[in-house]
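Structural characterization, general
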Amino acid sequence: MNKAADPIAAALGQTIAERGADYYRSGKILSVQQQSDGAWRAQVAGSKRQVYRVQLRFGADGAIRQALCDCPYDALCKHIAAVWYAVSSGEPPELPKAPALKKLAKPRAAAAKMGSAQAQALLDEARALFRRYARGCDYRQSGDLGDAVWTLLEDADVLFDEDAFGFHQTVYQRLNKIIQYSDDSDGILGDAVFHCIEMSNTIYRQAEPKLRAKIEKFWQSILADSDEHWIVFDETIALWQAALCESGRADAVLAWLDAQYTRLKRDGYERERLILRKYEVLGFIDAAQAEKWLQDHLSIPKMRRIAVDKLMARQQWAQAERLLVQGLEKALAGHQQGMANEWRALLLEVATQTGQQQAAQEYAVALAFGGYSIDENYYQRWRALISAQDWPGAFAQQEIKLQQNHVRSDALAQLYALENCTQKLGGLLQQTHQAHLLEQYIDCLDEAQQNSAALHWLELMVAEAAMLAERKKYAEWVKKLNRLYDRFAVVREPMAVQMEAARQAYAKRPAMLQEMLRLKAVK
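Thresholds applied
- Residues numbered from 1 in each chain as written.
- Predicted model: local features only at pLDDT ≥ 70, side-chain atom pairs only at ≥ 80, totals over all residues.
- Heavy atoms only, no water.
- Helix = DSSP H or I, 4+ residues; strand = E, 2+ residues; numbered from the N terminus.
- Rg over C-alpha atoms; globule rule 2.2 N^0.38 Å.
- Buried < 20%, exposed > 50% of the residue type's maximum accessible area, 1.4 Å probe, protein only.
- Contact = heavy atoms within 4.5 Å.
- Areas by Shrake-Rupley, 256 points an atom, 1.4 Å probe, with all protein chains shown as cover.
- Lys, Arg positive; Asp, Glu negative; His and termini not counted.
- Charge placed at Lys NZ, Arg CZ, Asp CG, Glu CD.
- Axes fitted to C-alpha atoms, helices over the stretch in contact; angles between N-to-C directions.
- Parallel < 35°, antiparallel > 145°, perpendicular 65-115°, else oblique.
- Left-handed = near helix turned anticlockwise from the far one by under 90°.
- Nonpolar A, V, L, I, M, F, W, Y, C, P; charged D, E, K, R; others polar.
- 1 Å grid on protein atoms, 1.4 Å probe; cavity = no way out; pocket = protein on both sides within 12 Å on 5 of 7 lines; lining within 4 Å.
- Points joined across faces, edges and corners; volume = space filled by probe spheres on them.
- Patch = residues over 30% accessible without salt bridge, like charges linked within 9 Å, V, L, I, M, F, W, Y side chains within 5 Å.
- Salt bridge = Lys/Arg side-chain N within 4 Å of Asp/Glu carboxyl O.
- pLDDT = per-residue confidence, 0-100.
- Core = buried A, V, L, I, M, F, W, Y, C linked by side-chain atoms within 4.5 Å.
- Phe/Tyr/Trp six-rings, centres within 6.5 Å; stacked < 30°, edge-to-face > 60°.
- Lys NZ or Arg CZ within 6 Å of the ring centre and 35° of its normal.

**Section: the overall build of the protein chain**
- Each helix and strand counted, the protein chain has 25 helices and four strands in total.
- For the protein chain, whose C-alpha radius of gyration is 30 Å, the value lies well above the compact-globule estimate of 24 Å for 523 residues.
- Over its C-alpha atoms, taken along the principal directions, the protein chain stretches across nearly 85 × 75 × 45 Å.
- Expressed as a percentage of its 523 residues, the buried residues of the protein chain come to 45%.
- Within the protein chain, residue pairs in contact and separated by at least 24 positions form 56% of the contacts whose partners lie at least 6 positions apart.
- When the accessible area of the protein chain is evaluated, it comes to approximately 28,100 Å², of which 50% is carbon and sulfur surface.
- A gap of 3 Å separates the mean positions of the 65 positive and 66 negative side-chain charges of the protein chain.

So, in C-alpha cells, the structure goes:
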C-alpha cells in the first residue's frame with residue numbers, strides 16, 4: 001500500500017490502514033448506511049466476536065471531520081479504517097451475513113474423553129502459536145496472543161488426566177518464557193499463566209498417585225527457580241505446601257522452608273513470608289511448637305494479626321488490646337499508615353465490644369479521615385457514635401481541618417456530598433482545578449449548578465490541551481470531551497466553537513488533529 005497515495009493511511013497511520021483494508025476485503029463490515037450528505041454509520045465484526053458501531057462524517061471538501069467507534073481501542077482504529085475504505089470505494093461493499101460464532105468448548109457433561117491424537121493436535125496448535133511470538137509481544141500482540149491462548153484453554157476443557165496436565169504444563173512453560181519479554185499491561189497473558197497453575201492443582205486433586213507425583217515434580221521445578229517463575233512462585237508454594245501437608249509429609253515442607261530461610265542473607269519480605277509459612281506447617285506437626293513460633297515472631301505484622309484474631313475469638317479483649325496498641329505504636333513510628341489503620345480497625349472492634357465510647361469515636365474518626373478521601377463505612381460508624389447535640393461541632397471541626405489542607409479537596413467534596421451540602425459543594429466545584437472532582441460530584445448538584453459546573457469543566461478541558469504531548473494523551477483527552485458532550489447539552493455549542501479554535505491553534509500537531517476527528521462536537 002502506497003502511503004503517499006492513500007489519504008486513509010496518511011490520516012490513520014500505515015499499520016491501522018492496512019488492518020482496516022484487510023477487514024474490508026475479508027467482509028467484516030456487516031452493514032453500512034448513508035445518513036445524510038457526508039455522514040455514514042456502519043457495523044463491523046470485531047476480532048473477539050463483538051460487533052462495533054462506526055460513525056464517519058466528511059466535510060464538503062471531502063476531508064474527514066469526525067471518526068467514531070465504540071470498540072475498546074482508545075484511538076483511531078482498524079474498524080474506522082475499514083468503513084472509510086468501504087465508503088470511499090464508490091459503492092457499499094457486498095454485505096455478508098453475520099458469521100456463525102465458533103463454539104469454544106463442548107459442555108463437560110456431554111464431552112467424551114479426547115484421544116491422544118486429538119490432544120496432540122491441540123498441543124501442536126499451541127506450539128505453532130508460541131513459535132510465532134517466541135521473541136515477545138508488544139501491547140497489541142499480547143492482546144492477540146492472549147485471545148488465541150484463551151481459546152485454546154477453553155478448547156482443552158474436555159481433556160482429562162495426563163492429557164490435561166500435559167497440555168497445561170506445556171502452555172505454562174512456553175507462555176512463561178514469552179511473557180518475560182512482553183508488554184502484558186492488561187494482564188491477559190499473566191491470567192493465562194495463573195490459570196495453568198490453578199488447573200494443575202484441579203487435576204492433582206482428582207489424579208491417581210502416579211500423576212500426582214508428576215505434578216508435584218512440576219511444582220518443584222518452579223520452586224527451584226523463583227526468578228524464572230516469579231509470576232506464579234507464591235501460588236505454587238501454597239499449592240505444593242497444601243498437597244504435602246494434607247498427605248502427611250509436612251516434615252518435607254518444613255525442611256525446604258528452613259533451607260530457604262538459611263539461604264536468605266537479610267531480613268525482609270521473603271523471610272517474613274517464610275516465617276508465616278513455617279507457622280502454618282508447624283500446625284500440621286505440633287500445635288505447641290506452632291504457638292511458640294507464633295509468640296516468638298509477633299514483631300511481624302501478619303503473625304501479630306494471627307495472635308490477635310485468636311485472642312478476639314476467645315473474647316480475651318484486654319490481651320488483644322495490648323497487642324494491638326503495641327502494633328499501632330510501632331506502625332506509626334515506622335510511618336506505615338496502612339498497617340496503622342489495620343490495627344485501628346481492630347481496636348475499634350475491641351472498644352465497641354468493651355463499651356469504650358470515647359476510644360471508639362477516636363478510632364472511627366481516624367479511620368474515616370485518614371486518607372485523601374473519606375472511608376464512608378467508618379464515617380457512618382463515627383457519625384453514629386456522636387450525639388445529635390454534639391454533631392454540628394464535630395462536623396465543623398473536620399470541615400475546618402479539610403479546608404486548611406489544600407491537598408484534601410477530594411475529602412472536602414466528599415464530606416459535602418455525604419451531608420447534602422449542595423451550596424458548599426457547588427462553590428467548591430466552581431473553584432476547583434481538578435476535573436476528576438467535577439466528574440465525580442457534578443450529579444449531586446441541582447440543574448443550574450450542574451450547567452455552571454459543566455461549563456467550568458469544559459474550560460479546564462480546553463486548558464489541558466496545551467499540556468498534552470503524545471498521541472495516547474490526545475486520545476484520552478478526546479474521549480473525555482466526548483463524555484462531557486454526551487452528558488451536558490449546555491456545553492455542546494461552546495465546545496464546537498472551542499474545538500474549532502483548537503484546530504487552528506494546534507495546526508502543527510498532526511497527531512492531535514487526527515485524534516480530534518473522533519470528537520462529537522463539530523462546528
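There's plenty left to go through after this.
**Some words on the packing of helix 9 (residues 233–246) against helix 11 (residues 269–285)**
- With their axes 11 Å apart at the nearest point, helix 9 and helix 11 run at an angle of 15° to one another. Relative to helix 11, the element helix 9 is oriented roughly parallel. Once helix 9 is placed against helix 11, the crossing between them reads as right-handed. Residue-level contacts link Phe 233, Asp 234, Ile 237, Ala 238, Gln 241 and Cys 245 of helix 9 to Tyr 269, Arg 273, Arg 277, Glu 280, Val 281 and Phe 284 of helix 11.
- Of the residues assigned to the contact of helix 9 with helix 11, the class counts are seven nonpolar, one polar and four charged.

**Topic: the layout of surface pockets**
- Considered as a void within the structure, the second largest pocket measures approximately 490 Å³ in volume.
- Around the second largest pocket sit 22 residues that line it, and Arg 53, Leu 68, Cys 69, Asp 70 and Lys 520 are the ones nearest its centre.
- Secondary-structure elements contributing two or more residues to the lining of the second largest pocket are strand 1 (29–36), strand 2 (39–45), strand 3 (51–58), strand 4 (64–69) and helix 23 (471–487).
- When grouped by side-chain class, the residues that make up the lining of the second largest pocket number seven nonpolar, six polar and nine charged.

**A word on the packing of helix 14 (residues 317–333) against helix 15 (residues 337–353)**
- Running from N to C, helix 14 and helix 15 cross one another at 155°; their axes reach a closest spacing of 9 Å. With respect to each other, helix 14 and helix 15 are oriented roughly antiparallel. As helix 14 runs across helix 15, the sense of the crossing is left-handed. Contacts from Trp 317, Glu 321, Leu 324, Val 325, Gly 327, Leu 328, Ala 331 and Leu 332 of helix 14 reach helix 15 at Met 339, Ala 340, Trp 343, Arg 344, Leu 346, Leu 347, Val 350 and Gln 353.
- Class assignment of the residues belonging to the contact of helix 14 with helix 15 gives a composition of 12 nonpolar, two polar and two charged.

**Digging into a negative patch on the surface**
- Where like charges cluster on the molecular surface, the negative patch consists of Asp 138, Asp 144, Asp 183 and Asp 186.
- Turning to its location among the elements, Asp 183 is positioned in the loop between helix 6 (161–179) and helix 7 (188–206).

**So, the confidence of the model for the protein chain**
- Counting all residues, the mean pLDDT for the protein chain is 88, and 92% of those residues have values of 70 or more.
- Of the regions scoring below 50 in pLDDT, residues 90–114 engages in 39 contacts with residues more than four places distant in sequence or in other chains.

**Overview of the nonpolar core**
- Judged by nonpolar contacts, the single largest core of 138 residues is most densely connected at Leu 145, Val 149, Phe 167, Phe 369, Trp 382, Trp 477 and Met 495.
- With nine residues, the top contributor of residues to this core is helix 15.
- Beyond its immediate sequence surroundings of up to four residues, Phe 167 is in contact with Leu 122, Leu 123, Ala 126, Leu 152, Leu 153, Ala 156 and Leu 159.
- Among the nonpolar cores identified, the runner-up in size contains 32 residues, and Ala 11, Cys 69, Trp 84 and Ala 86 belong to it.

**Looking at the pattern of salt bridges**
- Counted under the stated rule, the structure contains 24 salt bridges.
- Residue Lys 278 pairs with Asp 258 through a salt bridge whose shortest N-O separation is 3.1 Å. Here Asp 258 lies in helix 10 (residues 250–263) and Lys 278 lies in helix 11, a separation of 20 residues in the sequence.
- In this structure Asp 258 comes out as partly exposed when scored by relative accessible area, which is 32%.
- Of the charged contacts, one joins Glu 349 and Arg 381 as a salt bridge, the two residues approaching to 2.6 Å between their closest N and O atoms. Here the residue Glu 349 occupies a position in helix 15, and Arg 381 occupies one in helix 17 (residues 376–385), the gap between them amounting to 32 residues.
- The partly exposed category is assigned to Arg 381, whose relative accessible area is 25%.

**A few points about unusual backbone geometry**
- Phi is positive for Gln 315, which is not a glycine, with a value near 60°.
- With respect to the helices, strands and loops of the structure, Gln 315 is situated in the loop between helix 13 (301–313) and helix 14.
- For Asn 420, which is not glycine, the phi torsion reads 55° and is therefore positive.
- Structurally, the position occupied by Asn 420 is in the loop between helix 19 (409–418) and helix 20 (422–431).

**Let's talk about the packing of aromatic side chains**
- Per the counting criterion, the structure on display carries 12 aromatic pairs.
- Geometrically, the ring pair formed by Trp 240 and Trp 256 is edge-to-face, given 5.5 Å between the ring centres and 70° between the ring planes. Within this pair, whereas Trp 240 is found in helix 9, its partner Trp 256 is found in helix 10, the two being separated by 16 residues in sequence. Taken as a pair, Trp 240 and Trp 256 share a single burial class, namely buried.
- Grouped by ring-pair contacts, the aromatic residues Phe 369, Tyr 379, Trp 382, Trp 391 and Phe 395 constitute a single cluster.
- The positively charged end of Arg 271 is found above the aromatic ring belonging to Tyr 261, 4.5 Å away from the centroid.
- A cation over a ring is seen here: Lys 278 above Trp 293, with NZ or CZ 4.2 Å from the ring centre.

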